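# Commentary on secondary and tertiary structure
Chain by chain, the residues run as shown.
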Amino acid sequence: MSASKKKLDVIVIGELNVDIILSSIDGFPSIGKEILANYMSVTLGSSSAIFASNLSSLGTIVGFIGKVGDDIFAKLVLDSLQSKNVDTSHILRSASVPTGATIVLNYDQDRANITFPGAMNDLQIENIDFAFLSTARHMHFSSCFMQPGIKNDITELFRKAKELGLTTSLDTQWDPEEKWDLPLENLLPWVDVFLPNFQEFKFLTRADTIEEGIKKIKQFANYIIIKNGSNGSIGWDGENIIYQPAFKNDKVVDCIGAGDSFNAGYIMDYIKNKPFKKCLETGSLIGAINTTRAGGTGAFENITLIREISRERFNLIF
Ligand SMILES: Nc1ncnc2c1ncn2[C@@H]1O[C@H](COP(=O)(O)OP(=O)(O)OP(=O)(O)O)[C@@H](O)[C@H]1O
Ligand SMILES: [Mg+2]
């Protein structure tokens, strides 16, 4: 199928869960005591789902391959994605395992998370419908360490996607076991856009600085983008290191999902063949927009709201 005849722009493969976000918390929890949170919201969680939802809100045509349980959280996940026009026809339901959930304790610009993986543990490469995957132009995979059922086959997954003619991107996200064992040398040649954050990148490359890490993997990596919160991001375009400042937001609500929204902005422009620097700028803007509303999807209700925030808060028309 030629790129122009593809049904979908992007298929996201990844984990699905709900976020139970507690904010404005009176101190830190400790065993045997109880403290209060002054706000709570229950929303679509998971890096992959936030990416898919926001990318779709930006006008890209998105499908999803993942696994949920057969419970009320699954309904929340599916309803949320469908309300943003994400194709959920290839999200599998497990009758035996509940949908995953993350309790997010939100403190200023950072947060402590506890995740029950549930059905996201179960997704395996055998579950992936490659005929469906081939209906998209691009594959994005996120949170490999949260998906043990698929992590060992990650190189195979990316190789197959490339062989089917898709471009690819990977956001590893955090490794809860902190082992950081990913076969970068075999894997990254099949990954067109590698999108870890600052800490993740240093652990994955076993380097003390970003520059050292880039030096270690540039022989077999393609585009590398390293996100670093309000410090902005650093890109490697195959030849040069490019430093992209963050857009200044004086009134940050929270930074939940900023990295996933950055990815959405970057990939939206990448699949339109925009220049590397432009993709970085768009990623940076969409990441900053994410921080103006609560949670990972609050600022991405629809394209009108996204454009309004961009204009009013960052003085940019897009
Ligand atoms: N406070 C902020 N102000 C402006 N822009 C921000 C802010 N925080 C994040 N961003 C933008 O979003 C990008 C991604 O954020 P971050 O570095 O937090 O990603 P992450 O650690 O992968 O986040 P996530 O928890 O979503 O996985 C940053 O590189 C930056 O461009
Ligand atoms: Mg991230």
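We now turn to the structure provided with this report. None of these values were measured; they are calculated from a predicted model. (Residues numbered from 1 in each chain as written. Chains lettered and ligands numbered in written order. Predicted model: local features only at pLDDT ≥ 70, side-chain atom pairs only at ≥ 80, totals over all residues. Heavy atoms only, no water.)

### Looking at the site of ligand 1
Near ligand 1 there are 23 residues, and of these Arg 111, Asn 197, Gly 229, Phe 247 and Gly 259 occur at the shortest range. Within the side chain of Asn 197, an N or O atom sits 2.8 Å from an oxygen atom of ligand 1. Asn 228 is positioned with one of its backbone polar atoms (N or O) 3.4 Å from an oxygen atom of ligand 1. Mapped onto the shell around ligand 1, the elements with two or more residues apiece are helix H9 (258-270) and helix H10 (276-290). Looking at the shell around ligand 1 residue by residue, the class counts come to seven nonpolar, 13 polar and three charged. (Near = heavy atom within 4 Å. Polar contact = N/O pair within 3.5 Å; in protein donor to acceptor, adjacent residues only side chain to side chain. Helix = DSSP H or I, 4+ residues; strand = E, 2+ residues; numbered from the N terminus. Nonpolar A, V, L, I, M, F, W, Y, C, P; charged D, E, K, R; others polar.)

### Looking at the sheet that holds strand S6 (residues 100-107)
Spatially, four strands are ordered S3-S2-S6-S7 in an open sheet, and the strand pairing comes out mixed. What marks the edges here is a single partner per strand, and that holds for strand S3 (37-45) and strand S7 (110-116). Here the average twist between neighbouring strands, direction ignored, is 20°. Taken together, the six bridges between strand S2 (residues 17-25) and S6 define a ladder with parallel strand orientation. Each residue of the ladder has a partner; that of Asn 17, found in S6, is Gly 100. (Pairing = 2+ DSSP bridges. Axes fitted to C-alpha atoms, helices over the stretch in contact; angles between N-to-C directions.)

### Quick look at the environment of Val 253
As for its placement among the helices and strands, Val 253 is situated in the loop between strand S13 (241-244) and H9. For the pair Val 253 and Arg 293, spaced 40 residues apart in the sequence, the C-alpha separation amounts to 5.6 Å. Here Val 253 is in contact with Thr 291, Thr 292, Arg 293 and Ala 294, once residues within four sequence places are set aside. (Contact = heavy atoms within 4.5 Å.)

### Observations regarding the environment of Tyr 266
With respect to the helices and strands, the residue Tyr 266 is situated in helix H9. Residue class for Tyr 266 comes out buried when judged on its relative accessible area of 0%. Taking the C-alpha atoms as reference, Tyr 266 lies 4.3 Å from Gly 283; in sequence the two are 17 residues apart. Those residues in contact with Tyr 266, other than ones at most four positions away along the chain, are Val 193, Tyr 223, Ile 225, Phe 276, Cys 279, Leu 280 and Gly 283. (Buried < 20%, exposed > 50% of the residue type's maximum accessible area, 1.4 Å probe, protein only.)

### A word on the pattern of salt bridges
What the rule picks out here adds up to 13 salt bridges. Of the charged contacts, one joins Asp 171 and Lys 227 as a salt bridge, the two residues approaching to 2.9 Å between their closest N and O atoms. In this pair, Asp 171 is assigned in strand S9 (residues 167-171) and Lys 227 in strand S11 (residues 223-227), connecting sequence segments 56 residues apart. With relative accessibility at 9%, the residue Lys 227 sits in the buried group. For Asp 269, the salt bridge is made with Lys 278, and the minimal N-O distance between the two is 3.0 Å. What makes Asp 269 buried here is its relative accessible area of 2%. (Salt bridge = Lys/Arg side-chain N within 4 Å of Asp/Glu carboxyl O.)

### Structural notes on the packing of aromatic side chains
Applying the stated criterion across every chain yields a total of twelve aromatic pairs. Seen from their ring centres, Phe 141 and Phe 158 are 6.2 Å apart, and the 75° between their planes marks the pair as edge-to-face. Remark: Phe 158 occurs in helix H5 (residues 154-163) and Phe 141 occurs in strand S8 (residues 136-142); sequence separation between them is 17 residues. Phe 158 shares its class with Phe 141; the two are buried. Ring centres of Trp 180 and Phe 203 lie 5.3 Å apart, and the angle between their planes is 15°; this geometry places the pair in the stacked category. Highlighted residues: Trp 180 in the loop between S9 and helix H6 (184-187) and Phe 203 in helix H7 (residues 198-205), separated in sequence by 23 residues. Using a relative accessible area of 35% as the deciding quantity, one classes Phe 203 as partly exposed. (Phe/Tyr/Trp six-rings, centres within 6.5 Å; stacked < 30°, edge-to-face > 60°.)

### Considering the nonpolar core
In this structure, Leu 16, Phe 64, Leu 81, Ile 225, Tyr 266, Ile 267 and Ile 289 are the most contacted members of the largest nonpolar core, which totals 44 residues. For this core, the secondary structure elements donating two or more residues are strand S1 (8-13), helix H1 (47-57), strand S4 (62-68), helix H2 (72-83), H9, H10 and helix H11 (303-314). By residue number, the principal contributor to this core is H10, which donates seven residues. Residues Ile 65, Cys 144, Leu 184 and Ile 224 belong to the second largest nonpolar core, which totals 40 residues. (Core = buried A, V, L, I, M, F, W, Y, C linked by side-chain atoms within 4.5 Å.)

### A closer look at unusual backbone geometry
A positive phi angle is found at Ser 24, which is not glycine, with a value near 50°. Here Ser 24 lies in strand S2. What makes Ser 24 partly exposed here is its relative accessible area of 35%. Although it is not a glycine, Ser 143 adopts a positive phi angle of roughly 65°. One can find Ser 143 in the loop between S8 and helix H4 (148-151). Accessibility expressed as a relative area gives 2% for Ser 143, which makes it buried.

### A look at the sheet that holds S8
Taken in spatial order, the nine strands of this open sheet run S5-S4-S1-S8-S9-S10-S11-S12-S13, and their pairing is mixed. Lying at the two open borders of the sheet, with one neighbouring strand each, are strand S5 (87-93) and S13. Of the pairings in the sheet, the one linking S8 to S9 comprises five bridges and is parallel in character. Note on S9: the bridge partner recorded for His 140 is Ser 169.

Geometric descriptors of this kind do not, in isolation, establish any biological role.
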